[in-house]
Amino acid sequence: MSTDLAWPAVVELLDALSPGRREPWRLDGRVEVDRFRRWRLGPDEVKLDVQAPEGVGEQAIGLLRTLLEHGGSGSAGLRRWTLPVFEQAVRAGGQRCAELLAEPALDTAIDAVPSGELLGWGVVANVVRERLHGEDLEVRSGLKQFTGGTKVWVSRPWSGDGGERLWVVGPARRTRRPVRVIVPRIHLEHPRARAVYSPALLRRLDGMTRMLHDTLGSSQRWAEALATRVLEAEVDSPRRWLRVSDPPPMELDVDGTTVHLAHFNHRRARYSALEPPTEP
């Protein structure tokens, strides 16, 4: 923790919170604050080492807020955070606050902290844990961008393909930082409506195509549509491209003609006007 507040003023703050105790000062919740001495500091630079193994209490929250209001910043490892991030973390409670501020993927973790105000509606789904790939139907785990089971926010149809490929926002496989990519609809499962409470998440989704919904009903309807598994279907005669349920029906009526299922796999189905061969 660093601050632009002069050292005498910092000592005065700490003495008021922990009378009769100096270096380290002890605050509620077993929080210890000590002067940072690992290398030479500038004449106007104040750094503190804050240890909070059991979370931060009211005294520590008030101290950190004051230091951050005076141009300070905090860091855990290589990740730095400022007052807005701290205030968002405080909403998660004392123990979780300390864990969040030490989280390497802080940007992603802080998005999950409710702001207390309903800001919008969206739809989330999980990336499939296993999927079939290629003509040999090789079983693969998750996607290139996401591990299996990752929760992602899902857009509505946006390109005129009926929703075969959708924008999603979620933590990347390796860095856990939020990424925005297009994925096939068949690689998503368990869609459900979710409220948006985080301003940071709202800004991220609001910048995407058709991510947010105005009402709970709208998000629920899209979640229900996503939950209905569909396959792309090709009809030989009359020539058509359409979507069918998964697994596909054995027969379809297309423009008054009955067509029969000739072949299907995990991606598409093919129908033909020829009747299937009968058993001898």
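The present account deals with the structure reproduced in this document. It should be emphasised that the depicted structure is a prediction, and the values quoted were computed from it without experimental measurement. (Residues numbered from 1 in each chain as written. Predicted model: local features only at pLDDT ≥ 70, side-chain atom pairs only at ≥ 80, totals over all residues. Heavy atoms only, no water.)

### As for the packing of helix H1 (residues 7-17) against helix H2 (residues 58-69)
For the pair H1 and H2, interaxial distance at closest approach is 11 Å and the crossing angle is 170°. If you check the angle between H1 and H2, you find them roughly antiparallel. Of the two elements, H1 crosses H2, and the hand of that crossing is right-handed. Contact residues: H1 offers Val 10, Leu 13, Leu 14 and Leu 17, while H2 offers Gln 59, Leu 63, Thr 66 and Leu 67. (Axes fitted to C-alpha atoms, helices over the stretch in contact; angles between N-to-C directions. Helix = DSSP H or I, 4+ residues; strand = E, 2+ residues; numbered from the N terminus. Parallel < 35°, antiparallel > 145°, perpendicular 65-115°, else oblique. Left-handed = near helix turned anticlockwise from the far one by under 90°. Contact = heavy atoms within 4.5 Å.)

### Quick word on the sheet that holds strand E15 (residues 240-245)
Strand pairing in a sheet relies on backbone hydrogen bonds, with the paired strands running either antiparallel or parallel. The five strands are arranged E15-E14-E18-E17-E16 in an open sheet whose pairing can be described as mixed. Two strands bound the open sheet, and with one partner strand each, they are E15 and strand E16 (251-254). Within this sheet the neighbouring strands show an average axis-to-axis angle of 40°, counted without direction. Alignment of strand E17 (residues 257-264) against strand E18 (residues 268-272), held across four bridges, turns out to be antiparallel. Following the sheet pairing, Phe 264 is matched in E18 by Ala 269. (Pairing = 2+ DSSP bridges.)

### Examining the sheet that holds strand E7 (residues 120-127)
With respect to topology, five strands assemble into an open sheet ordered E12-E11-E10-E7-E13, the strand pairing being antiparallel. Either end of the sheet is taken by a strand with one partner, and the two such strands are strand E12 (178-184) and strand E13 (188-196). Direction aside, the axes of adjacent strands within the sheet are offset by 35° on average. As defined by bridge partners, strand E10 (residues 151-154) adjoins strand E11 (residues 165-171) across two bridges and the pair is classed as antiparallel. By the bridge assignment for E11, Val 154 is matched with Val 168. Of the strands in this sheet, E10, E11, E12 and E13 are in contact with helix H6 (residues 199-206), which crosses E13 at around 120°. Here helix H7 (residues 216-227) sits on the sheet and contacts E7, E10, E11 and E13; the angle it forms with E13, its principal contact strand, is near 175°.

### Thoughts on helix H3 (residues 83-90)
All of the buried residues along H3 are Phe 86, Gln 88 and Ala 89. Seen along its axis, H3 keeps its buried residues to an arc of 160°; they face one direction. (Buried < 20%, exposed > 50% of the residue type's maximum accessible area, 1.4 Å probe, protein only. Arc of directions from axis to C-beta.)

### Re the packing of aromatic side chains
What the rule picks out here adds up to two aromatic pairs. Ring centres of Trp 158 and Trp 167 lie 6.0 Å apart, and the angle between their planes is 45°; on these two criteria the pair is classed as tilted. The exposure class of Trp 158 is partly exposed, given its relative accessible area of 32%. Judged by its relative accessible area of 23%, Trp 167 falls in the partly exposed class. (Phe/Tyr/Trp six-rings, centres within 6.5 Å; stacked < 30°, edge-to-face > 60°.)

### Things to note about the pattern of salt bridges
Within the structure shown, the criterion is met by seven salt bridges. The partner of Arg 30 in a salt bridge is Glu 54, and the shortest N-O contact between them spans 2.7 Å. With Arg 30 in the loop between strand E2 (25-27) and strand E3 (31-35) and Glu 54 in the loop between strand E4 (46-51) and H2, this pair connects stretches of sequence that are 24 residues apart. Accessibility expressed as a relative area gives 44% for Glu 54, which makes it partly exposed. Between Arg 96 and Glu 99 there is a salt bridge, and its shortest N-O distance comes to 3.3 Å. (Salt bridge = Lys/Arg side-chain N within 4 Å of Asp/Glu carboxyl O.)

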